[in-house]
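# Remarks on the overall topology
Listed below, chain by chain, are the residues.
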Amino acid sequence: MTPAKLRKLDADQLSLLNMQRSNDFNDYRTRIGDTFQLNTPRLITREPYWIIGYEYKTNLNDDQHYAEIPGFYQEFGMEQKFMKIPERVRPDMAYGVACHFEEEGAFSFIVGEESNERSPVLEQGFTSIEIPGGT
C-alpha cells in the first residue's frame, strides 16, 4: 500500500490493517523453507532528518534518469564517496533523493546517507537535504 493511500484510511480501517499480516520481502531471515513468515505492518512517526550525499544531475526527458541513476549508486560506492559524509547514522543504508526539479525536466539525484551533522562544511559536489518528519 502506498503511503498516500495509507494516510487516507480512517481509524477503523487502520485497526483492521494492524490485525492483518503482510510479507516483509526485505528481511530474508523470515524465510522458512519455500515460504515467508508473515510480519505485521507498523506505523511509526519519524522526526525530520538530514541526508548528506553526492549530488548528480540528470533529466526526465527520454527516460535519461533510468539509464543514469544505477551508475550514480555504483560510482558513489566504488569511489567510496560515503566516507566523506560526516557523522553517518547508519553506514549500511544508502538513500536516493530526487529533488530540485526544473521545468524542462532536469533534476538532482542525491545519493547519500543519514547524518547527525546539520550544517557541515562539505566537499565540492556534496550537498545536504532535510527529509521532513511524519507518520
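Structure: see above.
Bear in mind the structure is a predicted one, so any value in this text is a computation, not a measurement.

About the criteria used
Residues numbered from 1 in each chain as written. Predicted model: local features only at pLDDT ≥ 70, side-chain atom pairs only at ≥ 80, totals over all residues. Heavy atoms only, no water. Core = buried A, V, L, I, M, F, W, Y, C linked by side-chain atoms within 4.5 Å. Buried < 20%, exposed > 50% of the residue type's maximum accessible area, 1.4 Å probe, protein only. Helix = DSSP H or I, 4+ residues; strand = E, 2+ residues; numbered from the N terminus. Contact = heavy atoms within 4.5 Å. Pairing = 2+ DSSP bridges. Axes fitted to C-alpha atoms, helices over the stretch in contact; angles between N-to-C directions. Polar contact = N/O pair within 3.5 Å; in protein donor to acceptor, adjacent residues only side chain to side chain. Salt bridge = Lys/Arg side-chain N within 4 Å of Asp/Glu carboxyl O.

### Digging into the nonpolar core
Among the nonpolar cores identified, the biggest contains 10 residues, and these are Ile52, Tyr56, Ile69, Phe72, Phe76, Ile85, Phe107, Phe109, Val111 and Phe126. Mapped by element, the contributors of at least two residues to this core are β3 (49-59), α3 (64-78) and β5 (106-115). Not counting the four nearest positions on each side in its chain, Ile69 is found in contact with Phe107 and Phe109. Membership of the second largest hydrophobic core comes to eight residues, among which are Tyr95, Ile110, Ile129 and Ile131.

### Remarks on the sheet that holds β3
Picture the strands of a sheet paired through backbone hydrogen bonds; they go either parallel or antiparallel. In space, the four strands of this open sheet follow the order β4-β5-β3-β6, with antiparallel pairing throughout. Unpaired on one side and paired on the other, β4 (95-99) and β6 (126-131) mark the two borders of the sheet. The average angle at which neighbouring strand axes cross in this sheet is 40°, direction not considered. For β4 and β5, the ladder comprises five bridges, and the chain directions are antiparallel. By the bridge assignment, Val97 is partnered in β5 with Ile110. Strand contacts of α3: β3, β4 and β5, with the helix running at about 130° to β3, the strand carrying the most contacts.

### Some remarks on the pairing of β5
Along β5, 10 of the 10 residues are buried, which leaves the element largely enclosed by surrounding structure. Here β3 runs beside β5; their pairing, made up of 10 bridges, is antiparallel. Residue pairing for β5: Thr58 is matched across the bridge by Phe107. Hairpin connection from β4 to β5: six residues lie between these consecutive antiparallel strands, with His100 at a positive phi of about 55°.

### A closer look at the side chain of Glu113
Secondary-structure assignment places Glu113 in strand β5. A relative accessible area of 3% places Glu113 in the buried class. A distance of 3.5 Å separates a polar atom in the side chain of Glu113 from a polar atom in the side chain of Arg88. If we skip the residues at most four places from it in the chain, Glu113 touches Trp50, Ile51, Ile52, Phe82, Ile85, Arg88, Arg90, Pro91, Met93, Ala94 and Tyr95.

### Describing the pattern of salt bridges
By the definition in use, this model includes seven salt bridges. Here Lys84 makes a salt bridge to Glu123, at a shortest N to O gap of 3.6 Å. Residue Lys84 is located in the loop between α3 and β4, and its partner Glu123 is located in the loop between β5 and β6; the two are separated by 39 residues in the primary sequence. Note on Glu123: relative accessible area 44%, which makes it partly exposed. When the shortest N-O distance is used, the salt bridge between Arg88 and Glu113 registers 3.5 Å. Of this pair, Arg88 sits in the loop between α3 and β4 while Glu113 is found in strand β5, placing the two residues 25 residues apart along the sequence.

### Considering the environment of Asn116
With respect to the element layout, Asn116 can be found in the loop between β5 and β6. C-alpha of Asn116 to C-alpha of Arg88: the two residues are 28 residues apart in sequence and 6.7 Å apart in space. Not counting chain neighbours up to four residues away, the residues in contact with Asn116 comprise Glu87 and Val89.

In short, geometric facts, not functional conclusions.
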